[in-house]
Amino acid sequence: MKQSFDFLVVGGGIAGVAVASELARHGSVLVLERERSLAYHTTGRSAAISMESYGNALIRELTCASREFFEKPPAELTTDALSSPRGALILGDEPNLDKLRARYGVVKQHVPSARWVERDEIAGMAPFMEQKWIAGIHEPSAFDLDVHAIHSAFLRGTRLRGGLVRTDAEIASAERQGGAWHVRLVDGATILAGTIVNAAGAWADVVAQRCGATTLGIKPLLRTVVVVDPERSVEHCPYIGTVDEQLFIKPDVGRLMVSPCDETPSDPCDALPEELGVAIAMDRLESATTLRPKRILNRWAGLRVFVPDRTPLVGADPEADGFIWCAALGGYGIQTAPAMARLCAALAIGDAIPADLPHIAAGDVAPGRVLGMASQQVTAVAELH
Ligand SMILES: Cc1cc2nc3c(=O)[nH]c(=O)nc-3n(C[C@H](O)[C@H](O)[C@H](O)COP(=O)(O)OP(=O)(O)OC[C@H]3O[C@@H](n4cnc5c(N)ncnc54)[C@H](O)[C@@H]3O)c2cc1C
């Protein structure tokens with residue numbers, strides 16, 4: 001007899017396990033992950049910071065509503081700390097001063113603790129920054145995320161509530177018949193499911209196509225990260241980004257993460273860093289700081305996944321019955337995961353939107369909204385990681 005589940009979640013990254021942990025309160029759940037290990041793709045490749053000023057208004061609301069989960073996680077899910085203080089500093093040089101001022105005007109409305117800082121204070125927080133950074137926005141409330149611990153907490157939530165997780169399990173096709181999904185895996189196994197949740201990251205359109213649902217123009221953009229030995233102590237420095245989005249650096253257990261903030265269109269794949277991205281990262285590090293690292297310790301790349309309006313796809317497919325999206329989480333899928341999962345679960349079971357997301361309507365995140373945008377570029381907006 002075929003195994004049968006109320007919810008089949010495709011993808012074992014942060015989106016998949018977070019939404020599974022919520023849905024497991026309402027019915028039987030199976031998470032399918034194609035790789036041998038969970039969180040192998042974008043979830044395992046983030047800068048691991050949460051900034052309340054990041055992204056558009058909808059992202060900011062999801063980020064704020066997620067904060068409590070990271071600061072005081074439910075005891076039944078974890079006893080580990082999921083976050084630790086970091087702070088963030090966004091810097092401007094002379095040509096970008098107006099841009100920095102405009103950003104400050106917006107940030108100040110949403111993050112009351114954010115402060116305008118000048119050269120002396122920048123030097124106090126990050127003495128290795130070049131003198132050309134004449135002003136900055138300090139966001140002391142930004143914090144580091146322990147992505148592994150967060151993912152593990154959601155996984156525990158899924159299993160505690162009776163959910164199952166299967167790795168090495170790739171969905172090959174699915175057909176809707178008689179009010180249920182008849183799902184076939186690549187290894188030939190078959191499963192019945194009431195609802196499919198598409199949390200397949202860069203492959204979300206591929207999964208939609210395999211299920212006969214709507215393809216929505218998912219755009220994976222590759223970002224390069226280089227890890228260097230800074231040859232001095234940087235651990236107490238904030239996350240630092242430039243307001244022109246040319247560079248971010250972040251301390252990483254005694255090392256320094258450096259990214260040129262690239263956004264190179266890519267097919268869904270196991271992303272690898274390109275030499276050009278690595279060279280640009282090192283060049284920008286040297287022109288922004290006095291650091292001259294002798295060794296690159298590591299280099300990697302990840303796919304940040306967007307649709308043109310840089311707002312996630314959450315909710316019912318415009319055509320396919322029983323097919324729910326939780327995808328296009330951009331550069332903020334970790335920091336928004338707790339609230340995003342509650343939002344997605346509410347939309348999947350037909351509940352009201354959670355009360356702590358008062359300004360979000362189902363239409364704002366509805367996957368069908370992007371149908372007319374398929375050929376548009378992903379809009380460049382003020383984002384930093
Ligand atoms: C360089 C970089 C820096 C970032 N920094 C931050 C940050 O500081 N803060 C933040 O909040 N976010 C950050 N992000 C973004 C964040 O990492 C993502 O938004 C998030 O990880 C997306 O999670 P996901 O579950 O949607 O995708 P993924 O983690 O990619 O998971 C999707 C999963 O679906 C599986 N899958 C695909 N097809 C199938 C199939 N047919 N059958 C079964 N399984 C399938 C894949 O194998 C994959 O494991 C960053 C991203 C990058 C690349």
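The preceding data block contains the structure.
Residues numbered from 1 in each chain as written. Predicted model: local features only at pLDDT ≥ 70, side-chain atom pairs only at ≥ 80, totals over all residues. Heavy atoms only, no water.

Remark on secondary structure: sheet strands pair via backbone hydrogen bonds, oriented parallel or antiparallel. One open sheet holds the 3 strands; their spatial order is β3-β8-β4, and the pairing between them is antiparallel. Each of the sheet's edge strands pairs with one partner strand only, and the pair in question is β3 (49–50) and β4 (83–85). As paired strands, β3 and strand β8 (residues 143–145) are joined by 2 bridges and run antiparallel to one another. Following the sheet pairing, Ile-49 is matched in β8 by Asp-144. Lying on the sheet, helix α2 (residues 57–71) is in contact with β3, β4 and β8; it crosses β8 at an angle near 70°. (Pairing = 2+ DSSP bridges. Helix = DSSP H or I, 4+ residues; strand = E, 2+ residues; numbered from the N terminus. Contact = heavy atoms within 4.5 Å. Axes fitted to C-alpha atoms, helices over the stretch in contact; angles between N-to-C directions.)

Because side chains alternate across strand β14 (residues 239–242), one face comprises the buried residues Tyr-239 and Gly-241, and the other comprises Ile-240 and Thr-242, equally buried. For strand β5 (residues 88–92) and β14, the ladder comprises 4 bridges, and the chain directions are parallel. By the bridge assignment for β14, Ile-90 is matched with Gly-241. Here β14 runs beside strand β15 (residues 248–252); their pairing, made up of 2 bridges, is antiparallel. Counterpart to Gly-241 in the pairing with β15 is Phe-248. With antiparallel pairing between neighbouring strands as the criterion, β14 and β15 make up a hairpin whose turn holds 5 residues, including Glu-245 at a positive phi of roughly 55°. (Buried < 20%, exposed > 50% of the residue type's maximum accessible area, 1.4 Å probe, protein only.)

A few words now on the site of the ligand. The environment of the ligand is formed by 41 residues, the closest being Glu-33, Thr-43, Ala-47, Ile-334 and Gln-335. Contact distances for the ligand include 3.0 Å between an oxygen atom and a backbone N or O atom of Gly-333. One of the backbone N or O atoms of Ile-334 is found 3.0 Å from an oxygen atom in the ligand. Notes on the ligand: free accessible area 1,000 Å², of which the protein chains cover 99%. Of all the elements in the fold, those that place two or more residues in the shell around the ligand are α1 (14–23), α6 (204–210), β13 (219–228) and β18 (296–306). (Near = heavy atom within 4 Å. Polar contact = N/O pair within 3.5 Å; in protein donor to acceptor, adjacent residues only side chain to side chain. Areas by Shrake-Rupley, 256 points an atom, 1.4 Å probe, with all protein chains shown as cover.)

A few words on unusual backbone geometry. Glycine aside, the phi torsion of most residues is negative, and most peptide linkages are trans. With a phi angle near 60°, Ala-39 is a residue other than glycine that sits in the positive phi range. With respect to the helices and strands, Ala-39 occurs in the loop between β2 (29–32) and β3. Here the phi dihedral of Arg-310 falls at roughly 55°; this positive angle occurs in a residue that is not glycine. Structurally, Arg-310 can be placed in the loop between β18 and β19 (313–316). For Arg-310, a relative accessible area of 5% puts it in the buried group.

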